[in-house]
Amino acid sequence: MPTLDHQLPPGRGATVTTPGARTTGIDLLILGLFALVIRIPAFLSSRSLVFDDGVFGASVVAMRSGGAPFREVFSSQGPLFLPLAWFGDLLTLRTPDSPRSLAVISGIVIALATYLAGRELTTRARAFLAAGLVVVSGSVLWTTAPLAADGPASALAVIAVTLALIYRRSPSIRRAIVIGILVGAAFSVKSLLVLPALVTVGILVVSCRRRRDIVTVPIIAAVVTVVASLPWGIARVLEQSVLYHTDAIGERAPLQNLETVARALVTRDLPIVVAGVVAIAAWLWRGFRRRASAKVGEDRDAVTSRADGWIERLGAGRVPVVVWTLLVAFVLITENPLWRSHVAHLIPPLALLIATARVGWRTIAIAAVAAVPVSVVSLQPLLLPSGPNRAEATVEAAIRTLPPRAMVISDTPGIVWRSGRRTPDRYVDTSILRITSPRQSIRITEDDVVRDAASPRVCGVLSWSEQRFGSFTGLGPRLRRLGYAAKFIEPRSSHSLWLKARCRPQGPPPAAWPARADRTNGAVAPDRSPD
């Protein structure tokens, strides 16, 4: 296995860099630059790339004005996600595109961490191949170009696995502490999807049989998780990021999930699929040709172990990567509901598994490269994103005529964000799950929209989805009685924009969590006015 240990020549200072370190640095630079460049068009896109991109973009804009996650700004993800997005926004000077900074950083980190994990498992060439498969992955790109929680969650999880592999080679209490921090951080961004990686980390740490470290990692992880939740209120975090999702769980459909995963891999990750098929075929052919041999030789590229116990064997060689891959696949097949963006968590372990297959790496690389042009065509919406369509452009132009302090309530927050205006904190996420939620504190109703539309700070209401605000059949007439006029209505659709005839935004925005409504008869209970 190639080592990264620094061996300094005699008579030279500590600034001397070994060839291994230099080549690693060059590889990381190449991978990082390529991962950055392919994300620039999406980062600068004038259009919300997907619904969640708009939701989280609007959330970051709300936090710029002092809105706190879970308290004022509704957050469906873990307690660390929006603070990280806020920091990425601050780091890139809070431009109109800055909310996507965390996504871009996450995509780069996933690629680099995959390479470093590969260097712990195999040769430089195979590690570069694994990272290259991650860089060209459409599933990873769809979660690290638009802003989504899966991007930073996967990045933190892959870093944790990488450091655990380094820990396996050279264990120390310091590394155990850092691993615990990473585990807690990943869990605090997106809990369920990172569990396979965290189990893999646990196997690697336990396999070294250092009792103090085995205890340290989960304790530190638990502390990080609690600390990440305390500022916002543990009850709020639990309700919005956990119960909100579990309320939507229906009957599990493993076969349907399997089809969704397969379709996502074929349409978004063809290079990985082709490389995997070629690797399997070459491995079978090699086994056929060597069937007379009683024992297949050990892979010279893999880390070997002479472990005596089952724990050591489980943590040796490529076994942790196999476990990681299988656990992610199990979660994806059994998860309900399953979203295609979740497939991104499968890509790093799968890429490592393919790159370390017991076949020639050049064969795998050629197969992957041959499939890249087809993959590029399927990724055109991210590599060459289009601008707003005619209806969106008309609505955005109308929204931009509003005073800078004016707010717009919308069931598609991305349009408001890309128009340079802000949604009230409570309406940064207007997904269908909030419209249909059984929880009164989470659910958005027609009464809520009408009440908050009466606030002087709100000067527009945008309905864009038949399943969301389009399902509020009395919304238009009630807005008209509040002094709104329809500025845009698209026939045979739910697209409509209502603007106040006299927009004079003043006073505080609508309350993030107004007094509870009496929903038994549809009447709104009296509450103190936010204005």
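Up top is the structure these notes are about.
Residues numbered from 1 in each chain as written. Predicted model: local features only at pLDDT ≥ 70, side-chain atom pairs only at ≥ 80, totals over all residues. Heavy atoms only, no water.

**Comments concerning the packing of helix α6 (residues 124-135) against helix α18 (residues 361-378)**
Inference 1: One can describe the packing of α6 onto α18 by two numbers: an axis separation of 10 Å at closest approach and a directional angle of 20°. Classified by the angle their axes make, α6 and α18 are roughly parallel. Handedness of the crossing formed by α6 with α18: left-handed. Within the contact between the two elements, α6 uses A125, R126, L129 and L133 and α18 uses W361, I364, A365 and A368.
Inference 2: A breakdown of the residues in the contact of α6 with α18 according to their chemical character gives seven nonpolar, no polar and one charged. (Axes fitted to C-alpha atoms, helices over the stretch in contact; angles between N-to-C directions. Helix = DSSP H or I, 4+ residues; strand = E, 2+ residues; numbered from the N terminus. Parallel < 35°, antiparallel > 145°, perpendicular 65-115°, else oblique. Left-handed = near helix turned anticlockwise from the far one by under 90°. Contact = heavy atoms within 4.5 Å. Nonpolar A, V, L, I, M, F, W, Y, C, P; charged D, E, K, R; others polar.)

**Focus: the nonpolar core**
Inference 1: The biggest cluster of nonpolar side chains holds 77 residues, and the ones touching the most others in it are F81, L133, L147, I179, V201, I354 and I364.
Inference 2: When residues of this core are assigned to their parent elements, the largest contribution, 12 residues, is made by helix α8 (residues 150-169).
Inference 3: Apart from the residues within four sequence positions on either side, V201 is in contact with A160, V161, A164, I179 and V183.
Inference 4: Ranked by size, the runner-up nonpolar core spans 18 residues in total, among them A35, V104, A127 and L379. (Core = buried A, V, L, I, M, F, W, Y, C linked by side-chain atoms within 4.5 Å. Buried < 20%, exposed > 50% of the residue type's maximum accessible area, 1.4 Å probe, protein only.)

**Examining the side chain of T216**
Inference 1: Tracing the backbone shows T216 in helix α11 (residues 211-229).
Inference 2: The exposure class of T216 is buried, given its relative accessible area of 15%.
Inference 3: A distance of 2.6 Å separates the side chain of T216 from the backbone oxygen of R212, its partner in a polar contact.
Inference 4: Once you skip the residues sitting within four places of it in the chain, T216 turns out to touch I173 and I177. (Polar contact = N/O pair within 3.5 Å; in protein donor to acceptor, adjacent residues only side chain to side chain.)

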